[in-house]
Amino acid sequence: MKSNAKKLTKDKIEYLHILHAGWSTASYYSRLFGMDAGDEPAEMQTYLLEREGITSVRFKFPSCDSDKEYSFGEIKEIMQQHLQYCILPSDKILRPYMGGSTIYDIVEPLYIDRVEESKGIWRIDIVYVDNPLAYKYVAENKGGYLL
């Protein structure tokens, strides 16, 4: 029961902060990448996903006209850097996760795991790093964007 107390749910303040961070990032890059983030974060299509103890939030946005000059990997990297340097430092709720005892064991609380667009829909999966399993996954999959 104790693990459920910390589990991310749609009624927790952390979830609202994740929604705001995802919407702010998608909105900032909407014209460049051709996604329509909309005007209201509360009206976004989002899904709370959990697999093997790792929680992700999937954002879905309609596509709009764009020249598609960037690969999905580049888009993922650009959006991650925006989250890491522009959005997360000022967030008082979503704090970096300490996966060990040194400064090298710190990861940001949000990691863009997947970005794809098909059939007029953008899908962006953001991992919420709040436990050792999520920390290990992020650290192994992209060097964790370690600080």
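It should be noted that the structure appears before, not after, this text.
Conventions adopted
Residues numbered from 1 in each chain as written. Predicted model: local features only at pLDDT ≥ 70, side-chain atom pairs only at ≥ 80, totals over all residues. Heavy atoms only, no water. Buried < 20%, exposed > 50% of the residue type's maximum accessible area, 1.4 Å probe, protein only. Helix = DSSP H or I, 4+ residues; strand = E, 2+ residues; numbered from the N terminus. Pairing = 2+ DSSP bridges. 1 Å grid on protein atoms, 1.4 Å probe; cavity = no way out; pocket = protein on both sides within 12 Å on 5 of 7 lines; lining within 4 Å. Points joined across faces, edges and corners; volume = space filled by probe spheres on them. Nonpolar A, V, L, I, M, F, W, Y, C, P; charged D, E, K, R; others polar. Expected span 1.5 Å × (residues − 1). Contact = heavy atoms within 4.5 Å. Salt bridge = Lys/Arg side-chain N within 4 Å of Asp/Glu carboxyl O.

Undergrad: Got a minute to help me understand the pairing of strand 6 (residues 121-128) in this structure?
TA: Side-chain positions along a regular strand alternate between the two faces of the sheet. Across the eight residues that make up strand 6, a large majority, seven, are buried. Sheet topology note: the strand 2 (residues 54-62)/strand 6 ladder contains eight bridges and is antiparallel. Bridge pairing links Lys60 to Arg123 in strand 6. Relative to strand 6, strand 5 (residues 110-118) is paired through eight bridges, and the arrangement is antiparallel. Across the sheet, residue Arg114 finds its bridge partner in strand 6, namely Asp125. Between strand 5 and strand 6, which pair antiparallel in sequence order, lie two residues; one of them, Lys119, sits at a positive phi of approximately 50 degrees.

Undergrad: Explanation requested: empty space enclosed by the protein in the structure shown.
TA: Gaps left between atoms show up when a probe the size of a water molecule is rolled over them. Taken as a whole, this structure holds one cavity of 30 Å³ or more when the rule is applied. Considered as a void within the structure, the largest cavity measures approximately 40 Å³ in volume. Lining the largest cavity are Gly22, Thr25, Ala26, Phe59, Phe61, Met79, Ile112, Ile124 and Ile126. Those elements that provide at least two residues to the lining of the largest cavity are helix 2 (13-28), strand 2 and strand 6. It is helix 2 that provides the largest number of residues to the lining of the largest cavity, a total of three residues. Considering only residue class, the lining of the largest cavity consists of seven nonpolar, two polar and no charged.

Undergrad: Teacher, can you tell me more about helix 2 here?
TA: Given 3.6 residues per turn, any residue in an α-helix points the same way as the ones three and four places further on. End to end, helix 2 covers 22 Å across 16 residues, agreeing with the expected 22 Å (1.5 Å per residue, within 8%). Along helix 2, the residues classified as buried are Tyr15, Ile18, Leu19, Ala21, Gly22, Trp23, Ser24, Thr25 and Ala26. Contact partners of the buried residues in helix 2: helix 3 (30-33), strand 1 (45-51), strand 2, helix 4 (72-87), strand 5 and strand 6.

Undergrad: So what exactly am I meant to see when it comes to the pattern of salt bridges here?
TA: One side chain can pair with another of opposite charge once the charged atoms of both are near each other. The full count for this structure, using the stated rule, is seven salt bridges. The salt bridge involving Asp125 is made with Arg58; its shortest N-O contact spans 2.8 Å. One end of the pair, Asp125, is in strand 6; the other, Arg58, is in strand 2, with 67 residues separating them in the sequence. Across the salt bridge formed by Arg114 and Asp125, the nearest N and O atoms sit 3.7 Å from each other. Here Arg114, found in strand 5, pairs with Asp125, found in strand 6; they are 11 residues apart in sequence, far enough to count as distant. On the basis of relative accessible area, Arg114 is assigned to the partly exposed category, the value being 31%. Here the salt bridges share partners, and the residues they tie into one network are Arg58, Arg114, Glu116, Arg123 and Asp125.

Take it as geometry only, folks, not as evidence of what the structure does.
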